[in-house]
Amino acid sequence: MQYSSFDVAGYKKVMRTFIGQKEDSLVFWEALEFALEAHGDQWRRSGDPYIMHPCNVARILAEELDIIDSEILAAALLHDTVEDVESVTNKVIRTHFGPTVEAIVDGCTKVTHYSGDRQTFKKMVHRKIFSGAAARVEVMLVKLADRLHNLRTLSSMPSHKRQKISEETLDIYAPLATILGLFEIKRELYNLALAYKFPRQGNKLQLKINKLKTDPEVLEIISNLQRGLVSEGIDNDVELRTKGLWGYYDIRNRILIKEIETPQEILVLVRKRKDSYTALGISNKVYPPIPRTIRDFIANPKPSGYQGLHARANINGRKYLFKIRTHEMARMAQRGLLRDLRVDSKAKVRFLKEIQEMFDILGSEDSVSYRDMIAARGRKEIYTYTPQGDLICLPVNSIVLDFAFRVHTAIGRTCSGAMIGNRKAGSDVTLKDGNVVKILRHEKEINFNTTIQKKCQTPRARSELAKVFRIRREKVLSEIGYLILKQEMRRYGVPFEVIEKPGMADILTYLSLTSMDDLFLKLGLGYIRLRELIYEIRNGLYVGRPTLYQPTGVFNRVDLDTLDPVVLKSSACCKPTPLDKGVIGLLSERGLSLHRKDCGQLQKVTFQREDAVEVRWKLRETYIEKVQKLIVMKVNRTRLFMLLSVAPQEMKVIDIIYLGKGAAMVGDWEVNFEVANLYGLKKINRHFTKSGLLYDIDLDM
């Protein structure tokens, strides 16, 4: 390997042009000396001294993102020291450079002490970064600059590393750059990552892209537009922007596609804001726009602060996007709202709040896929409005519930639907650009179905639903924990009342629990071993008194009054229903995983008696809200209708559908019906069992 050297003097000269060397930039220069010493004997795989990497990360922030805050740049210089230099700790960073620099460095530092599987470790690494960015968004700015420099020097890495880093960039960092409004960084992240991810296909596409740049037809369009602008006295710069590999990346399917609708954009830069509208008029005159494609992002900026006028035109059978901006708008389009975090504006405060809220969710909500959430948040926006005319900007494909949660959490939790214009719509209806939405609310919080969470596109809606689902689940699991402890103590012959003794507080402390409610929940989640708990209770609260021998073989039993899928997961292997006898529930943090007692898959699972419960239902108290489906097989119309005519009165038939073809006398039928509770469903099941016909009740829980 050939080792290179780093021109420290040259680097200092460049950085002085951005931040000078006055007192307010002193922390940066001290951090540079500290980093030079800390990384002094470290080398990168490429043969470069390691110090080149943090120095270039700081330079990217200053030169390409206009970030000249000395503390952020100092943190960029130090972002790898805690992770890679044994003698450097968070405390050392704080002592030398203050709490702000320490907080940013800590947010950038990976989890180091973990012994679990690689997949869980990777999630922990990402969630730590997201949590750091929730506290200080500067963490993500440093991480994006860090990732960009790593990609620029990725050729020295082995193939499998290049693939891993490029995939992570495409899934997380490039979409996050889009969300933050750092579009120039976003394009380069995508282009570099795609070139490594799809080397052959990417190379072929790049040749095609290079050819488009010199297409005489496009050059003529630019020339015609420039003449039109000059003739009206508009001082202008017209540039051709040919989309790179990033424009050909299908994010949803994670593939490169060969053709896209608008491969080239015409960028018109003018001096003044009012000239933008004049330039749009001239552009429309020279090249008439496609109807309903003009977008005014000057009057209605995007949440990231992006401003400009857009119009699409079809010229000789090819579509082009015209973007018209002032030079300041163009700079903002590349740098975003975050280039100077010290300057506050209403738009920036609102944007920062939304971004930090998103990072908080990504860092703390395990039940939400952060990859899905980042992908959804990074999609194109639609513009919707409240009845009062307030703008609500949402990701494309957002539903009514996204809108409701964006307005207010309480409105989201009670949203029963909406009026879209003069049309009533459900809470899961997809919104369109320009919709005026009035949320309809219920007096109490809605028990949303779990399927609606996947339809939501905004981090807030998904996170709030996850919280609601967790509260519902924990309420039932706490009751289960209470019941199994009560039964288990009875089996051992220990009075349940002993847990009210003062000594119980010592047992809770020993188990790292805060209260009895916490104990019941942890038991319901399966986090605490019943055997260990009973041992502590017997020896701490019931010592010296005779008890029964340890019970074996018999499960504790719970009687439920819910079919909530948030709590109950019917296993795919044996598909148990509340109508079956001998249903076993395995305790877990996701709720009860239900199996039939004779399920072959259950026999293969290794678990203790206390890790499972026998599940029964209170038939009259377990209400069924959804429409149920009954499939009756190989029966003629007359026989079926006769059976339905004498069915239990609890069965309210909605419709009957013949599933066969033609006018055959015998076939399969689908009967959709309503029933109030499990008691009624059991009567219906018994009725069809007596008929001797083949049937199946597809219970929708």
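How each quantity is defined
Starting afresh in each chain, residues are numbered from 1 along the sequence in its written order. Whole-chain, interface and lining totals are the exception, using all residues; otherwise, since this is a predicted model, local features are given only for residues with pLDDT of at least 70 and side-chain atom pairs are given and counted only at 80 or more. Side-chain numbers come from the whole structure's heavy atoms, not from hydrogens or water. Here, axes are lines fitted to C-alpha atoms. For helices the fit covers the stretch in contact, and angles between N-to-C directions go from 0 to 180 degrees. What counts as a helix is a DSSP run of H or I of at least four residues, what counts as a strand is a run of E of at least two, and both are numbered from the N terminus. Orientation categories follow fixed angle ranges, with anything under 35 degrees roughly parallel, anything over 145 roughly antiparallel, 65 to 115 roughly perpendicular, and all other angles oblique. What makes a crossing left-handed is the near helix being turned counterclockwise from the far one by less than a right angle; a clockwise turn instead makes it right-handed. It only takes one pair of heavy atoms within 4.5 Å for two residues to be counted as in contact. Asp, Glu, Lys and Arg are counted as charged, while Ala, Val, Leu, Ile, Met, Phe, Trp, Tyr, Cys and Pro are counted as nonpolar; the rest, among them Gly, fall into the polar class. Under the scheme applied here, a residue whose accessible area is under 20% of the maximum for its type counts as buried, over 50% as exposed, and between as partly exposed, the area being computed with a 1.4 Å probe on protein chains only. Should DSSP find at least two bridges between two strands, the strands are taken to pair.

Brief notes about the packing of helix H13 (residues 216–231) against helix H14 (residues 273–286)
Turning to step 1, where the next piece is worked out: Where H13 contacts H14, the two axes come as close as 10 Å, and the packing angle between them is 130°. The orientation of H13 with respect to H14, classified from their angle, is oblique. As H13 packs across H14, the resulting crossing turns out to be right-handed. Contacts from Asn224, Leu225, Gly228 and Leu229 in H13 reach Ala279, Ile282, Ser283 and Val286 in H14.
Turning to step 2, where the next piece is worked out: Here the contact of H13 with H14 is built from residues that sort into five nonpolar, three polar and no charged.

Regarding the environment of Val139
Turning to step 1, where the next piece is worked out: Mapped onto the elements of the fold, Val139 is located in helix H9 (residues 138–152).
Turning to step 2, where the next piece is worked out: Take Val139: its relative accessible area is 0%, and that puts it in the buried class.
Turning to step 3, where the next piece is worked out: Other than its neighbours up to four places away in sequence, Val139 contacts Ala103, Ile104, Gly107, Cys108, Ile129, Gly132 and Ala133.

Details of the side chain of Ser283
Turning to step 1, where the next piece is worked out: Here Ser283 shows up in helix H14.
Turning to step 2, where the next piece is worked out: Contacts of Ser283, omitting those with residues within four sequence positions, involve Leu225, Phe322 and Ile324.

Things to note about the sheet that holds strand S12 (residues 437–441)
Turning to step 1, where the next piece is worked out: Read across the sheet, three strands follow the order S11-S10-S12 without closing on themselves; strand pairing throughout is antiparallel. At either margin of the open sheet sits one strand with a lone partner, and together these are strand S11 (423–425) and S12. Within the sheet, the average angular offset between the axes of one strand and its neighbour, ignoring direction, is 30°.
Turning to step 2, where the next piece is worked out: Sheet analysis places strand S10 (residues 415–420) next to S12, joined by five bridges and oriented antiparallel. Within S12, the position partnered with Ile420 by the bridge is Val437.

Here's the deal with the packing of H9 against helix H10 (residues 159–179)
Turning to step 1, where the next piece is worked out: The geometry of H9 relative to H10 is characterised by a closest axis approach of 11 Å and an angle of 140° between their N-to-C directions. Of the possible angle classes, the one that applies to H9 and H10 is oblique. Helix-helix and strand crossings are classified by hand; for H9 and H10 the assignment is left-handed. In contact with Met140, Lys143, Leu144, Arg147 and Leu151 of H9, H10 contributes Ile165, Glu168, Thr169, Tyr173, Leu176 and Ala177.
Turning to step 2, where the next piece is worked out: Class assignment for the residues of the contact of H9 with H10 results in seven nonpolar, one polar and three charged.

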